[in-house]
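Chain and residue survey
The residues making up each chain are set out below.
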Amino acid sequence: MAFSKEHVLEALRTIRDAKSGRDLVELDAVRKCAACDGFVTLTLGVTDNSVLRQQLKEGVENALRRKAADMGEALKSIAIDFVTPADAQQEIKPATVQQPANIPLKQASSGPTVSQGAAPTPAGAGSASLPGVKHIIAVGAGKGGVGKSTVSVNLAVGLARQGHRVGLLDADIYGPSLPTMLALDNAEVTLRENRLQPFYVHGVKAMTIGKLVDPEKPLIWRGPMAHGAFKQLVEQTEWGPLDYLIIDLPPGTGDVSLTMAQMMRLTGAVVVCTPQKVAQDDAVRAAKMFAQLNIHVLGVVENMSYFIGDDGKEYDIFGRGGAEMMAQRLGLPFLGAVPINMALRENSDKGNPTANFTGTPKLSEPLMNTVRLVETQAALAAMRTGAGPQLVVT
Ligand code: ADP
């Protein structure tokens, strides 16, 4: 019999609180629990004490491995996350899921800390890459409104049109755009065996924080909540095997990028920038943040680069070439220029990105050009780190 959630709970029943003698399940410490194909994900609600948490983590891992070994199985991965009571109440919850109430092993004496106990590790040494996902590419920008989500969506759809298996994660927890850009407003999140099922739209598997929180409420996240929300989105979505997972990051530099770098090994990041000087300055900061997090920058996309008028002429409204020059200055590859295009804006508002590739070549060509350049840079980056195909001389 395959190792299931019930077996996880049986293992957790062998771990008791020394004071009360009650086990982890009796204490209602299990906030989330899922097991599938040898992968176990657990969230435990316990006091914010790093020593206790470390001991508990080791004890739980041993109990799970023992239980699996008794059944003649080996676990591939155990991901244990801890929450404090304050965090727990504000975690994302799909409306359809019943979560057990969080009762901490002990009452927390202080508030939650931003670091969750873990020091950032360089992305090159990321602890848990997503199994079955070949390339993880983050799309970032120095500021909001420059077209980061537009580029993410069109990159994902373009890669899918090239025949790749593509996932798209909207991790812009402060202003998720995917529900609109992919017309998911009326779509319902579904769960199978406690795993979020991505939406399959325009040839892409998509998941967005926008479908897990109240769209009317302002999204205010403290550090640990942003960390937890991103982790949940990545780990609890059933992506299946993918050639590319595109991650639409929140604008600027912040918690989500840090969590991402801690969690997974990325192929690289794409920086989106408009041509103006003020946008370039922010984009330089974003590129430097990626470098600091040991995330390889695949290159820069110049969005809203120029405008094609009805007269067929190209107008350099924002100073075309500004982002390309910035890329050159930083020694980064230039991944192409996307024009200001009314159809692009309309298709985004309607949630129909496929139309960007089937309409005028004035739009589809620059978009596909960027898709191909990203493919090339991702392949080069993967070869450099040894993750991609390698030449073997016999
Ligand atoms: P960000 O993710 O950086 O905040 P968005 O991708 O949400 O930015 O874009 C902001 C707005 O600008 C959206 O309405 C989008 O449709 C529009 N937009 C983005 N790029 C273009 C473009 N090249 N041409 C026309 N409209 C664009």
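The present account deals with the structure reproduced in this document. (Residues numbered from 1 in each chain as written. Predicted model: local features only at pLDDT ≥ 70, side-chain atom pairs only at ≥ 80, totals over all residues. Heavy atoms only, no water.)

Quick look at the overall build of the protein now. Within the protein, the regular secondary structure consists of 12 helices and 14 strands. Burial analysis of the protein (394 residues in total) assigns 53% to the buried set. Sequence-distant contacts, at least 24 apart, represent 76% of the contacts inside the protein between residues at least 6 apart. Of the roughly 18,200 Å² that the protein leaves accessible, carbon and sulfur atoms contribute 53%. (Helix = DSSP H or I, 4+ residues; strand = E, 2+ residues; numbered from the N terminus. Buried < 20%, exposed > 50% of the residue type's maximum accessible area, 1.4 Å probe, protein only. Contact = heavy atoms within 4.5 Å. Areas by Shrake-Rupley, 256 points an atom, 1.4 Å probe, with all protein chains shown as cover.)

You can see Ser152 is positioned in helix α4 (residues 148-161). Non-local contacts of Ser152, meaning those with residues more than four positions away in its chain, are made with Val139, Leu168, Ile246 and Asp248.

This part takes up the site of the ligand. Taken together, 17 residues sit near the ligand, with Gly145, Lys148, Ser149, Thr150 and Pro339 positioned nearest. Backbone polar atom of Pro339 to a nitrogen atom of the ligand: 2.8 Å apart, as the coordinates give it. Taking 560 Å² as the accessible area of the ligand by itself, protein coverage stands at 81%. Residue assignment for the shell around the ligand shows that the elements contributing at least two residues are α4, β12 (297-308), β14 (334-340) and α10 (342-350). (Near = heavy atom within 4 Å. Polar contact = N/O pair within 3.5 Å; in protein donor to acceptor, adjacent residues only side chain to side chain.)

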